[in-house]
Amino acid sequence: MMYTTEFTGRVAVVTGGSEGIGYDFCRALCQVGCEVYFCSRSSEKGGLAAKSLGRSAHYFQADLAAPDQIKAFAAHVLESARHVDYLVNNAANDDRIKFDDLTVEECDRMWNLNLRSFLLMSRACLELLRSGQGKSIVNISTTNYMFGFDPFTIYNATKSGILGFTRSLARELGPEGMRVNMISPGWIMTEKQLRKYVSEEDKQALLRDQCVKHLIEAKHVSPVMLFLLSSAASAISGQNLVVDGGKYFQ
Ligand SMILES: NC(=O)c1ccc[n+]([C@@H]2O[C@H](COP(=O)([O-])OP(=O)(O)OC[C@H]3O[C@@H](n4cnc5c(N)ncnc54)[C@H](OP(=O)(O)O)[C@@H]3O)[C@@H](O)[C@H]2O)c1
């Protein structure tokens, strides 16, 4: 294992950890010795995830689209752990919505989770992060907005906002030793993506376009998240790391 002691006993908070990439983040953080606090809306799925992750995983039911539930999640972490070393803002909604179908309700639904919750969760955890030693935030975006794929206009409007948020927060909190970075995954072969969207043709196209000739899974993103949280990345802040097998060149 790459990290033998650095993460041991440290407190990590992950939004949306019951499945997909967030679940693998929780798995990786537990594996290196963190106490991991994660949330999701479905307590059934969250409970099952916590059970399979083991005793250092702590589940809290919260809908991050609701500001009072974000505060409740942070208050729960304060009560249980007293501080936070690492925050991973991960939960998002990747609904495909034609621009013709744009409504105020759809905008709010997407923005409330995909961008506003990243800001509010970071704010709610700020004092806890100040009390911790890790002092590192990682925000999860996507390469989708870099390509401008269709029909992801609303999704990409929210996900590209994470870039400005990451850079400005890194600048603002840098003087107190806090680092803020962003990961932009390419198309990740999660159970949900495979079930709902990914065709055989899509897989062949990815393998054609990527430098690396294997499909990218959540387990390929988690080591990058750990690296950015770790002291090995102490000179890296305000950056966007693309994890897509070498499809998009920044
Ligand atoms: N998968 C990909 O190909 C891909 C590619 C690029 C970037 N990303 C980004 O990676 C991140 C994770 O994506 P994913 O594909 O792993 O997602 P996912 O499989 O849909 O999982 C989302 C997680 O977030 C939780 N969640 C959703 N809405 C929530 C809410 N309102 N409040 C609290 N929790 C909520 C879900 O649980 P509940 O539904 O029970 O709430 C679940 O645990 C996202 O930021 C996404 O934009 C994904």
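Up top you'll find the structure we're talking about.
Residues numbered from 1 in each chain as written. Predicted model: local features only at pLDDT ≥ 70, side-chain atom pairs only at ≥ 80, totals over all residues.

Draft legend 1. A look at helix α2 (residues 43-53). Those residues of α2 not exposed but buried are G46, A49, A50 and L53. Down the axis of α2, the smallest arc covering the buried residues is 100 degrees, so these residues share one side. Exposed side of α2, more than 90 degrees from the buried face: E44, K51 and S52 are the residues found there. Against α1 (20-31), β2 (35-40) and β3 (57-61) lie the buried residues of α2. Positive phi appears at G54, one or two residues downstream of α2, with a value of about 105 degrees. (Buried ≥ 20, exposed ≤ 12 C-beta atoms within 10 Å, placed from the backbone. Helix = DSSP H or I, 4+ residues; strand = E, 2+ residues; numbered from the N terminus. Arc of directions from axis to C-beta. Contact = placed C-beta atoms within 7 Å.)

Draft legend 2. Highlighting the packing of helix α3 (residues 67-81) against helix α4 (residues 104-124). One can describe the packing of α3 onto α4 by two numbers: an axis separation of 9 Å at closest approach and a directional angle of 35 degrees. Every pair of crossing elements has a handedness; the one defined by α3 and α4 is right-handed. Every residue of α4 that contacts α3 at P67, I70, K71 and A74 is listed here: S117, L120, M121 and A124. Of the residues in the contact of α3 with α4, the class split is six nonpolar, one polar and one charged. (Axes fitted to C-alpha atoms, helices over the stretch in contact; angles between N-to-C directions. Left-handed = near helix turned anticlockwise from the far one by under 90°. Nonpolar A, V, L, I, M, F, W, Y, C, P; charged D, E, K, R; others polar.)

Draft legend 3. Main features of the sheet that holds β2. If you walk across this open sheet you meet the seven strands as β3-β2-β1-β4-β5-β6-β7, and the pairing is parallel. The outermost strands of the open sheet, each flanked by one partner alone, are β3 and β7 (240-243). Sheet twist, expressed as the average angle between the axes of neighbouring strands with direction ignored, equals 20 degrees. In the sheet, strand β6 (residues 179-185) pairs with β7 via four bridges, with the strands oriented parallel. Across the sheet, residue M182 finds its bridge partner in β7, namely N240. Here α2 sits on the sheet in contact with β2 and β3, set at roughly 175 degrees to β3. (Pairing = 2+ DSSP bridges.)

Draft legend 4. Unusual backbone geometry, seen in detail. Along the chain, D150 connects to P151 via a cis peptide bond; the corresponding omega equals 5 degrees. Position of P151 among the secondary structure elements: in the loop between α6 (144-147) and α7 (153-173). Although it is not a glycine, R82 sits at a positive phi angle of roughly 70 degrees. A tally of 11 C-beta atoms within 10 Å means that R82 is categorised as exposed.

Draft legend 5. Layout of the environment of A49. Residue placement: A49 occurs in helix α2. Between the alpha carbons of A49 and E19 there is a distance of 7.4 Å; along the sequence they are 30 residues apart. Excluding its chain neighbours within four sequence positions, the residues that come into contact with A49 are G17, S18, E19, Y23 and Y59.

Draft legend 6. The site of the ligand, seen in detail. In the vicinity of the ligand lie 30 residues, with G16, G20, R41, S42 and A92 positioned nearest. Looking at the shell around the ligand, the elements that each hand over two or more residues are α1, β2 and α8 (191-196). The dominant element in the shell around the ligand, judged by the number of residues it contributes, is α1, at three residues. Across the shell around the ligand, the residue classes break down as twelve nonpolar, twelve polar and six charged. (Near = placed C-beta within 6 Å.)

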